[in-house]
Amino acid sequence: MLKVYNTLSGKKEIFKPIEEGKVGMYVCGNTVYDFCHIGHARAMISFDIISRFIRHLGYELNYVRNITDVDDKIIKRAQENNETTQTLTERMIAAQQEDELRLGNKMPNREPKATEFMQEIIDMVQVLIEKGFAYQGTSGDVYYRTTVFSEYGKLNNRKLEDMLAGARIDVEIAKEHPADFVLWKQTKEGEVFWPSPWGNGRPGWHIECSAMATNCLGSHFDIHGGGPDLKFPHHENEIAQSEAATGKQYVNYWMHCGAVRVNNEKMSKSLGNFFTVRDVLAKFNPEVVRYLMVSSQYRSAIDYSDQSLLEAKVALERLYTALRQQNIASSYAPTNYTERFEEAMKDDFNTALAVSVLFELVRELNKAKTEDQVKASELAAELLFLAELLGLLYQEPDYFLQNSTVSEGFDEVRIQELIDERTQARKDKNFARSDEIRDELVSNGIELLDSREGTSWTRS
RNA sequence: GGCCGGAUGGCAGAGUGGUCAUGCAGCGGACUGCAACUCCGUUAACGCCGGUUCGAUUCCGACUCCGGCCUCCA
């Protein structure tokens, strides 16, 4: 029995798909005007793991994640770069895919782009106007009429009146009500545009998701996810648009991951305190980033720092060390660890608890290595299977351990030469020389592990 | 001001009405030429004040502090 925390109700609920055995999930992707930062990585990894586990439970999952490739920020950035919006977005989409593959994500079933759904967007705006949920303002822009959607604010427990007290909403004369938001925006000189019944222009930020989600998954589907900062206004507005247009409940389960923080502040574009995925991968193996995300539950806030990455690296090394030079059984009977792992995951995808089960399994595996090789190889197979559900332990143990950080120090050839020399020195009982070599390697960030099979090394 | 979260051992991070999280660090031991890895043992926590209870870190209420959202942001 899978339990999912639903932002809409504020509670964990038993998950029940609309159609038996099938799940439709829409996740808000990125606006592609810049490289992905760690906050994006968290959202992408969280929903990747959620999708893996939903499939593991036997559901046929249709995972759709959009790409926003029309937007004010894209236009602005393209102008600054003196390039077209299309070349900018194509470049950023390619970069995003590259980052994501390095982080070990599986791609969604479908990644619709806003520009490919222009007709559907226009159709939806048209319907909203016909139903009285939208109007063309004096500026020519088309707005959503929040005052007639009685449930406006239900996702965020807000009332229209209360929101005015905040007084941070733009007062635009063209709008009937300050909370009304743009569905279709008139083009300005030199900007990309599409023809529409309301003149040349482009969609507002929220309507594209309503149009893409309902077209890809239907007017009523199971799960809608995204980052914490999308709850308001983006998802609130999506609900308003979609439910007004279709007359049906839009989504059953709203899921939001937690924020990534830096120095106790949210990492965000507007604060400028963000680290791109590329920044981090220049220093650490991508799986370290993934482990950091997995080591806490997806809804909790994560503190990002070199320290937290280092701790993630060390923990991951323990898992990989257990697999080093270990036979993997071709089959195994799932043990209690699998059961406990699955129970943890079924409780709102508690990856932190699931990972702790992996560590307990590893302890038993390490013990079995000297006592019962068959058991050890079976536990290793079980470990790999469970880790795969989190997208972990997909690298060769030696490769990971030698490349957990990116280092400009000794190359592998030089390291091997020194190890060979040390091995000879040890055979000769020349321990002074052997220790000297080890010290030299350690001071260059290389740790040695002697075993009966020989000496292996790890980048620290 | 409104609405959401959160406060757990030295750090990170789960969870539970009464026995163990887990990882790192610490301490004692085994293994090792010495280390590292690994194993065994071990120390140590539930913001503050009330209430419910035989018993609360866990449930309820107040308080304090921290974070997020209310404007573009995963």
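Worth saying up front: this structure is predicted, and the values here are computed from it rather than measured. (Residues numbered from 1 in each chain as written. Chains lettered and ligands numbered in written order. Predicted model: local features only at pLDDT ≥ 70, side-chain atom pairs only at ≥ 80, totals over all residues. Heavy atoms only, no water.)

Some details on the environment of Arg-145
The residue Arg-145 is located in the loop between β6 (142-144) and α5 (160-166) in this model. Distance from Arg-145 to Leu-217, taken between C-alpha atoms, is 25 Å for residues 72 residues apart in sequence. Sequence-distant contacts of Arg-145, that is, excluding residues within four places in its chain, are made with Gly-132, Phe-133, Ala-134, Tyr-135, Glu-176 and Asp-180. (Helix = DSSP H or I, 4+ residues; strand = E, 2+ residues; numbered from the N terminus. Contact = heavy atoms within 4.5 Å.)

A short note on the sheet that holds strand β13 (residues 302-303)
One open sheet holds the 3 strands; their spatial order is β12-β11-β13, and the pairing between them is mixed. Each having just a single partner strand, β12 (265-266) and β13 make up the two edges of the open sheet. Note: strand β11 (residues 260-262) against β12, 2 bridges, orientation antiparallel. Following the sheet pairing, Val-262 is matched in β12 by Glu-265. (Pairing = 2+ DSSP bridges.)

With respect to the UniProt feature "short sequence motif: 'HIGH' region" (unreviewed entry) in chain A
The UniProt record marks residues 30-40 with the feature "short sequence motif: 'HIGH' region" (unreviewed entry), using the residue numbering of this structure. With 27% helix and 0% strand, the stretch residues 30-40 has end C-alpha atoms that lie 8 Å from each other. (UniProt positions renumbered as here; feature names shortened; annotations may be inferred.)

What to know about empty space enclosed by the protein
Under the defined criterion, the tally for this structure stands at 2 cavities of 30 Å³ or more. Quantified by volume, the largest cavity comes out at close to 70 Å³. Lining the largest cavity we find Ile-45, Ser-46, Ile-49, Ile-50, Met-293, Val-294, Ser-296, Tyr-298, Phe-349 and Thr-351. Of all the secondary-structure elements, those providing two or more residues to the lining of the largest cavity are α1 (38-56) and α9 (286-294). (1 Å grid on protein atoms, 1.4 Å probe; cavity = no way out; pocket = protein on both sides within 12 Å on 5 of 7 lines; lining within 4 Å. Points joined across faces, edges and corners; volume = space filled by probe spheres on them.)

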